Amino acid sequence: MGDAVKVYVSVDMEGVTGLTDPEEMHAGGRGYERGCELMTGDANAVVAGAFDAGATAVRVNDAHGSTKNLRIDLLDERATLLRGPGKPLRMGQGLDASHRAACFVGYHARAGVQHGVLNHTWMGREIHNIYLNGEVCGETRLVASFAGTLGVPVVLVTGDEAVCEEARELLGDVETVAVKKGVDRFAAELLPPAVAQARIREATARALDRVADFRLCAPEPPFVLGVEWNSTAIAAGCAIIPGVTAAGPRHTEFATDDFSQIMALLGIFAMIGGQVACGSGAYG
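Cut-off values and rules
- Residues numbered from 1 in each chain as written.
- Predicted model: local features only at pLDDT ≥ 70, side-chain atom pairs only at ≥ 80, totals over all residues.
- Heavy atoms only, no water.
- Salt bridge = Lys/Arg side-chain N within 4 Å of Asp/Glu carboxyl O.
- Buried < 20%, exposed > 50% of the residue type's maximum accessible area, 1.4 Å probe, protein only.
- Helix = DSSP H or I, 4+ residues; strand = E, 2+ residues; numbered from the N terminus.
- Disulfide = S-S within 2.5 Å.
- Core = buried A, V, L, I, M, F, W, Y, C linked by side-chain atoms within 4.5 Å.
- Contact = heavy atoms within 4.5 Å.

Enquirer: Help me understand the pattern of salt bridges in this model?
Expert: When charged atoms on two side chains of opposite charge get close, those side chains can pair. Per the stated rule, a full pass over the model turns up 12 salt bridges. For the salt bridge of D73 with R71, the shortest nitrogen-to-oxygen distance reads 2.8 Å. D73 sits in the exposed class, given a relative accessible area of 54%. Residue classification places R71 among the partly exposed positions, given a relative accessible area of 24%. Between R206 and E175 there is a salt bridge, with its nearest N and O atoms 3.1 Å apart. Taken together, the residues R206 in helix α4 (residues 193-209) and E175 in strand β8 (residues 175-184) connect sequence positions 31 residues apart.

Enquirer: I'm lost on unusual backbone geometry in this one. Help?
Expert: The linkage connecting P221 with the following residue, P222, adopts the cis geometry, with an omega of 0 degrees. Mapped onto the secondary structure, P222 falls in the loop between α4 and β10 (223-229). With phi around 50 degrees, R90 is a residue other than glycine that occupies positive phi space. Topologically, R90 is positioned in the loop between β3 (79-82) and β4 (101-107). In the Ramachandran plot, H115 falls in the positive-phi region, its phi being about 70 degrees despite a non-glycine side chain.

Enquirer: Teacher, can you tell me more about the state of the cysteines here?
Expert: As used here, a disulfide is simply a covalent bond connecting the sulfur atoms of two cysteines. Inspection of every chain in the model, using the stated rule, returns 0 disulfides. C164 takes part in no disulfide bond, and the closest cysteine sulfur to it belongs to C103, at a distance of 13 Å.

Enquirer: Just checking my understanding: could you explain the nonpolar core for this structure?
Expert: Side chains that are nonpolar tend, in soluble globular proteins, to be buried together. I130, L142, L225, W229, I262 and F269 are the most contacted members of the largest nonpolar core, which totals 45 residues. Only β4, β5 (127-132), α2 (139-149), β7 (154-160), α3 (161-171), β10, α5 (232-238) and α6 (259-279) provide two or more residues apiece to this core. Here this core takes 6 residues from α6, the largest share from any one element. What L225 contacts, discounting residues up to four positions off in sequence, is I130, Y131, L142, T252, E253, F254, I262, L265, L266 and F269. Of all hydrophobic cores here, the second largest spans 43 residues; its members include V16, C36, A79 and V155.

Interpretation note: all reported values are geometric properties and have no functional meaning in isolation.
Spelled out as structure tokens, the structure:
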């Protein structure tokens, strides 16, 4: 591949090999610690595949929830890890124009997708739908659009079959690895980790060997982020943020020419939305 080849890896958890249960997604839940090991295993498969294909550096971003899930003691020693809450760019933290390619690992289908394992968009209860420039938008589209504005192609998406289909609709001939097939939101047919991770490693190497084939996901500015909340209270709370407008009783909108502002705003939305919902009981 020649010269310095930096690869960026954003790792979510719902699409990780072997996981189907919301408890496995949160510290203290049954199976969480094992889930972190499986998450790290999927990430390591990408790191290995990247170096197989000639990468010179791999930056891994823990992109799930607390962003304190990946096991640094089990991470491939050739990679570095971005970890911990408060990262301004959240799921895209650390991604910049110096990267040759971006890989999304453990991703999941957007909210409301039938057979999408643990399907949601950004928040599992508080958000019904997110829209980007008027089109319904999952996390794959959000982070791929951020990458596209930086000139970085997304070359690999791993997760369940539903997110792989979502990725191909968005990105065309992107490499995908389906590690599970959804039966319903909390049930799936799973591949064993050794099988899934071997496929991930092979697909990563394949993707980087043909990195010039991939098209950018680059929407045209201005970028308009629309959010359909499940609650008038959350929408009202978020509409207080400067630049955010109320587009309806449960809808907010935000427009910008700088996509990084959208990534940052979603983090603020999660803080406000979570606080209003959790602090207001069943009627949040």
